[in-house]
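# Working through the structure, step by step
Residues per chain, in single letters:
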Amino acid sequence: MIFLALITNTFREAIQKKFILIVFLVISVLLILFLSFLSLESVESMNEFMMQLGQDSFRDAIIMFQNSLISNIPFYVVFVLLMIMTSSFIPSMLEKGNIDLLISKPISRTNIIIGKFLATNAIIFVVLAYLVGTIWLMVSLKSGIWHFPFLLSIVGFTVIFAILYSIILFTGLVTQNSILTILVNLILFFPITGILSAREQMIYTFVSSGPVKFIIDFFYYVLPKPWDVHAIMLKLIAGETVDSWQPLITSLVFMIAMLALSIFYFKKKDY
Amino acid sequence: MSVITVNDLRKEYPAKSFSKEKIVALKKFSLNVEKGDIVGLLGPNGAGKTTLVKILLGIVFPTEGEVKVFDKDIKDESYKKKVGYLPENHKYPNYLKGGQVLEYFGRLNGLDEKTIKSKTKEYLTLFGIEKWEKTNIKKYSKGMLQRLGLAQAMINDPELLLLDEPTDGGDPIGRKHIRDVLLHLKGQGKTIFLNSHLLSEVELICDKVAILNKGELLKEGSVDEITATGNNYKFITSDLPDDVSNALLMQYKATLKSKTEFMYSTESVEELNKLIDFIRSKQILLHNVSLERSTLESMFINIIGEQKEQ
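These notes cover the structure that comes with them. Each chain carries its own residue numbering, running from 1 in the written order of its sequence. Working convention: letters from A go to chains and numbers from 1 go to ligands, in the order in which they are written. Side-chain atom pairs in this predicted model are given and counted only at pLDDT of 80 or more, local residue features only at pLDDT of at least 70, and totals for whole chains, interfaces and linings cover all residues. Side-chain metrics rest on all non-hydrogen atoms present in the structure, leaving aside hydrogens and water.

### Comments concerning the overall build of chain A
- Here a helix means four or more residues in a row that DSSP labels H or I, a strand means two or more in a row labelled E, and each is numbered from the N terminus. The secondary structure content of chain A amounts to 14 helices and zero strands.
- Considering only intrachain contacts with a sequence separation of at least 6, the fraction spanning at least 24 residues in chain A is 75%.
- Using the Shrake-Rupley algorithm and a 1.4 Å probe, accessible areas are obtained, with residue cover drawn only from the displayed protein chains. Here chain A displays about 12200 Å² of accessible surface, and carbon together with sulfur accounts for 73% of that area.
- With 16 positive and 14 negative side-chain charges, chain A shows a spacing of 17 Å between the two charge centroids. Here, residues are in contact when the closest pair of their heavy atoms is within 4.5 Å. Positive charges come from Lys and Arg, negative ones from Asp and Glu, while His and the chain ends are left out of the count. By convention, the charge on Lys lies at NZ, on Arg at CZ, on Asp at CG and on Glu at CD.

Here it is as structure tokens:
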């Protein structure tokens, strides 16, 4: 009942702030744009489509096309929008007169944090289900190829978001400021984890010092790896073998550690 | 039965920037509240009233001392099921409608949907805002929000109500309505602990008062005990002739206020009756004899003023 209250309230907050509607609108525009490029009515256009993607089999071409839709920059625009949308949830929960009431109820501080975390990820799951589900449905209806593993990306992206949201949660608790929370997370999400994931091509080409490499590797293993988890997800969708689960496991460990740290901080703080 | 037990409570807040001194909000504070009491906590701004209420609810943690609610240490959060709270300047999520506010807090209290529905209807009606159930709270006046806040605090049918400025923002009729509800709750055996700046209201509602300043408990007792100024009796009579006035002044050490009014101070009921016999023997009519009291407000100002002088 208590978790239900937190989840429904977070949904109401997301709808009221109209951000979720903006996200749905952006997603819908992106879908229409993608669809306008998808012209498979004639045999010539199918051949042209396969040649463009360098695939011999039409099925492979469709799967590759679907995967390219969730690997491109527009998808990450949506992801950033979701991060911006959810960054205000914790600071608004901590506003004076609101947090006092929440803590005064028979719900532990641990459950408040877990409830808010689950509620936010439930919203993201719904948004992603709409985005990915619609892409899948449109491409499948147009091509006649029903590639069900593509739907795994709903769960995959929700997991990636949950990992990143654990940082949003902690920074929101500490700073109580939406803008700072967005900034910290955008910097961490794009430049830092991106560079660390591509450290061998981007840094090690120029740096040969052992200690420096050790420090960079240390940060790589400690920090979340959204890009590498994304790559694992794409491999799973394509039915390829995953070489290493390390990025997913260490990112999940990071998420649990951030959640534990958030709970610890929240449990000690006077409001 | 003791509902709130506070012993040697101390609360320190970290120093503000550029200052090394910690802020002491409560110093060795002790208080006991019994079941069914309506207790008013009085004090100027910064006295530590809100800190005390927040400690009682686990919103702020004590630095030292013992705090029990319903004989349970506040670390055991189960006591909160029996507590209702109205914070000062409460802020409900402004995307909610009146009924949704009660539904949300009812769920947080662990109530089932059926109870929430019936309690929502009951309390919105009790506070006269049932027609606004489906209206967004952005459109509520301050007084309506305060009544909704009280309904929220009562949704779980609490045994203890902690209210911070419960009549704040209300017009005189709204304030009286809230007072009546609180007295009705008292009749049901609920314990109410309230912070208020409106001392005249505290005087009307509360059985007991605790006066707090700079984190210290200055005075505690029933409203009668706190407002009593000693055994000063006020006499209102028919016109006093000069010989009687002189006798009152010289013999009885009374203080004349006018031709028809004087004050007499005594600890003895026999002495009081002797004076009445004397007046009656002089064929003077007694219109009224009453024990003089101070108002809570003047007592409060005196007590706080005395502490400032010290």
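Picking up where we left off.
### Some thoughts on the pattern of salt bridges
- We define a salt bridge as a side-chain nitrogen of Lys or Arg found within 4 Å of a carboxyl oxygen belonging to Asp or Glu. A complete count under the given rule lists 21 salt bridges over all chains for this structure.
- Ionic pairing is found between Lys186 of chain B and Asp207 of chain B, a salt bridge with its closest N-O pair at 2.7 Å. In this pair, Lys186 of chain B sits in helix H5 (residues 172-187) while Asp207 of chain B sits in the loop between helix H6 (199-205) and strand S9 (208-213), placing the two residues 21 residues apart along the sequence.
- When accessible area is computed with a 1.4 Å probe and restricted to protein chains, residues below 20% of their type maximum are described as buried, those above 50% as exposed, and intermediate ones as partly exposed. Residue classification places Lys186 of chain B among the partly exposed residues on the basis of a relative accessible area of 28%.
- Its relative accessible area of 24% is what places Asp207 of chain B among the partly exposed residues.
- Look at the salt bridges and you will find they share partners, linking Arg12 of chain A together with Glu103, Arg107 and Glu113 of chain B into a network.

### Let's talk about the nonpolar core
- Buried Ala, Val, Leu, Ile, Met, Phe, Trp, Tyr and Cys residues that are joined via side-chain atoms within 4.5 Å together make up what is termed a nonpolar core. Counting residues in each nonpolar core, the largest one holds 156 residues, and the members touching the most others are Phe266 of chain A together with Leu162 and Phe193 of chain B.
- When residues of this core are assigned to their parent elements, the largest contribution, 13 residues, is made by helix H9 (residues 152-175) of chain A.
- Formed by 16 residues, the second largest nonpolar core is a distinct cluster that contains Ala247, Tyr252, Ile276 and Ile284 of chain B.

### Things to note about the side chain of Lys105 of chain A
- Tracing the sequence through the fold places Lys105 of chain A in the loop between helix H7 (99-104) and helix H8 (109-143).
- Although buried, Lys105 of chain A forms no salt bridge, and the nearest oppositely charged side chain, Asp100 of chain A, lies 12 Å from it.
- In this structure Lys105 of chain A touches Lys80, Phe105, Leu108, Asn109 and Gln152 of chain B, once residues within four positions along its chain are discounted.

### Topic: a nonpolar patch on the surface
- A cluster of nonpolar residues, Leu152, Leu236, Trp245, Ile249 and Val253 of chain A, forms a patch on the protein surface that exposes about 460 Å² of accessible area.
- With respect to the secondary-structure elements, Ile249 of chain A resides in helix H14 (residues 246-268). Each patch is built from salt-bridge-free residues with over 30% relative accessible area, joining like charges within 9 Å and nonpolar side chains (Val, Leu, Ile, Met, Phe, Trp, Tyr) within 5 Å.

### What to know about the sheet that holds strand S1 (residues 2-13) of chain B
Residue and element names in this part refer to chain B.
- With antiparallel pairing, the four strands of this open sheet are ordered in space as S2-S1-S4-S5. This sheet does not close on itself; its edge strands, each paired only once, are strand S2 (23-34) and strand S5 (72-73).
- Being paired, for any two strands, means DSSP has found at least two bridges between them. For S1 and S2, the ladder comprises eight bridges, and the chain directions are antiparallel. From the neighbouring strand, Ser2 faces S2, where its bridge partner is Glu34.

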